[in-house]
Amino acid sequence: MSTAVPRRLPLMLGFLIAIGPVSVDMYLPAFPTIARNFHDKAAPALTLAAYFIGLACGQMMQGPFSDRKGRRMPIMLGLSIYTVASLGCAASWGTVSLSVFRALAAFGGSAAIVIPRAMVRDVSDGAAAALLFSKLMLVMGVAPIIAPILGSGVVLVASWRVIFLLAALYGVVALWLVWRHLPDTLPLSRRSLIGVRSIIARYGDICLDRGFITHAVVGMFTVSAMFAYIAGTPAVFINHYHWSPTGYAALFATNAAAYIFFNQLNPRLVARFGIRPVITVAVSSLLVTTGALMVFALLPPFGALPIMAALFASEFGFGLIMPSSMVGALSRHQAHAGSASALMGTIQYCGGAIAGALVGLYANGTARPMAVTMLGCAALAALVAAFRPRAAA
């Protein structure tokens, strides 16, 4: 490790990565309100898809940029864009304007998502990286618990636009913390000086690494299943089962807490069994739980309770696959961890955007579109997991 890294690094990086759930989870309870305000039932799904597209495009640029310029400056620039765009979201006048500002906010915020993953690879690998990722997830995991509850509270007492003012405030705080306290983990001696053609060639070389591409695609289908859940549950529980925004937020927060628990369990399992067996068990579990969700969605007399239970159980797979697939994908790419992290994030969020769009496109007021999408993603994750290199950690 060539840079002195303070003990607060996991706290700092977790706070930065939490910009993702802050930007998404906080406005989920406002979906019905936004749709009514814009007189457009498709508005929430479109703005969510726009956000995922912005994340995918942003990460392709942020990773190589950070490999060339270091980690601090790109994060600060991205957070500045995110903050201004969040103010634009608060002032939006329709579906198109909100979608554009959401995509721009995601483009800037992607720096705070992809670069911290590269910083983990700058300073650690293997089980140590899995432990650091889990510490990040512990910090980041507070956001998906608090954010939907905060968002539901805002919807009850004020305009949904206040949610984006709070997101802008989060961006300001994150920017100040990076400026004052975050070290740059990539020294000048390890920074890349390659041009655009070389960057494209590098992405090609990374994709040819079987260990990277299999772990990244397993992560992509897992993220896709998770985003199908995120896109589908507001309509299922608030519109179909007539829950209040607060009740939905409590459900989302409970599942987020389960996700954090399994994230924290992950490094112990990886240290004892290795990444490969952990992912194998986790994708099998996700396949079983999404299969159960599909059965319950096809049998509406069962009501909301079994659907809640299946979604809760799926957090075991989500919580173990995500950090393990990150470590598996990045383990052989220390020299260009930013580019590898960016490519992995782009692959994941492209899949998430497609999954979210499918749920919105086929929405029929039931849990079936969400369940079908989640089950399909879990099955594909399990299939790709079978092709990981045997030598993977």
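Heads up: the structure comes first, above all this text.
First, a word on scope: everything that follows refers to the structure included in this document. These numbers were taken from a predicted model, which means no experiment stands behind them.

## Thoughts on the overall build of the chain
Okay, so step 1: Check the secondary structure of the chain and you find 17 helices and zero strands.
Okay, so step 2: When the backbone C-alpha atoms are referred to their principal axes, the chain occupies close to 60 × 45 × 40 Å.
Okay, so step 3: Burial status across the chain gives 59% buried among its 393 residues.
Okay, so step 4: Within the chain, contacts between residues separated by at least 24 positions form 86% of all contacts whose residues are at least 6 apart in sequence.

## Observations concerning the environment of L77
Okay, so step 1: With respect to the element layout, L77 can be found in helix α5 (residues 72–90).
Okay, so step 2: For L77, a relative accessible area of 44% puts it in the partly exposed group.
Okay, so step 3: When the C-alpha positions of L77 and A112 are compared, they lie 9.9 Å apart, and in sequence the two are 35 residues distant.

## Remarks on the packing of aromatic side chains
Okay, so step 1: As enumerated under the stated definition, the model contains 15 aromatic pairs in all.
Okay, so step 2: Ring geometry for Y229 versus F252: centroids 5.7 Å apart, planes at 0 degrees, classification stacked. One end of the pair, Y229, is in helix α12 (residues 210–240); the other, F252, is in helix α13 (residues 245–273), with 23 residues separating them in the sequence. When sorted by exposure, Y229 lands in the same class as F252, which is buried.
Okay, so step 3: Note on F261 and F262: the rings are 5.3 Å apart at their centroids and 70 degrees apart in plane angle, and the pair reads as edge-to-face.
Okay, so step 4: Here the aromatic residues Y27, F31, F38, W160 and F164 are joined through ring pairs into a cluster of three or more.
Okay, so step 5: R102 extends its terminal NZ or CZ atom over the ring of Y27, reaching a point 4.3 Å from the ring centre.

## Overview of unusual backbone geometry
Okay, so step 1: For H39, which is not glycine, the phi torsion reads 55 degrees and is therefore positive.
Okay, so step 2: With respect to the helices and strands, the residue H39 is situated in the loop between α3 (31–38) and α4 (43–69).
Okay, so step 3: We note that H242 has phi near 60 degrees; this positive angle belongs to a residue other than glycine.
Okay, so step 4: By the secondary structure assignment, H242 is in the loop between α12 and α13.

## Re the environment of L182
Okay, so step 1: Checked against the element boundaries, L182 lands in the loop between α10 (161–181) and α11 (196–208).
Okay, so step 2: Taking C-alpha positions, L182 is 7.1 Å from M12, a pair spaced 170 residues apart along the chain.
Okay, so step 3: Not counting residues within four places of it along the chain, the set of residues in contact with L182 comprises L9, M12, L13, L16, R72, I75, M119 and L177.

Rules behind the numbers
- Residues numbered from 1 in each chain as written.
- Predicted model: local features only at pLDDT ≥ 70, side-chain atom pairs only at ≥ 80, totals over all residues.
- Heavy atoms only, no water.
- Helix = DSSP H or I, 4+ residues; strand = E, 2+ residues; numbered from the N terminus.
- Buried < 20%, exposed > 50% of the residue type's maximum accessible area, 1.4 Å probe, protein only.
- Contact = heavy atoms within 4.5 Å.
- Phe/Tyr/Trp six-rings, centres within 6.5 Å; stacked < 30°, edge-to-face > 60°.
- Lys NZ or Arg CZ within 6 Å of the ring centre and 35° of its normal.

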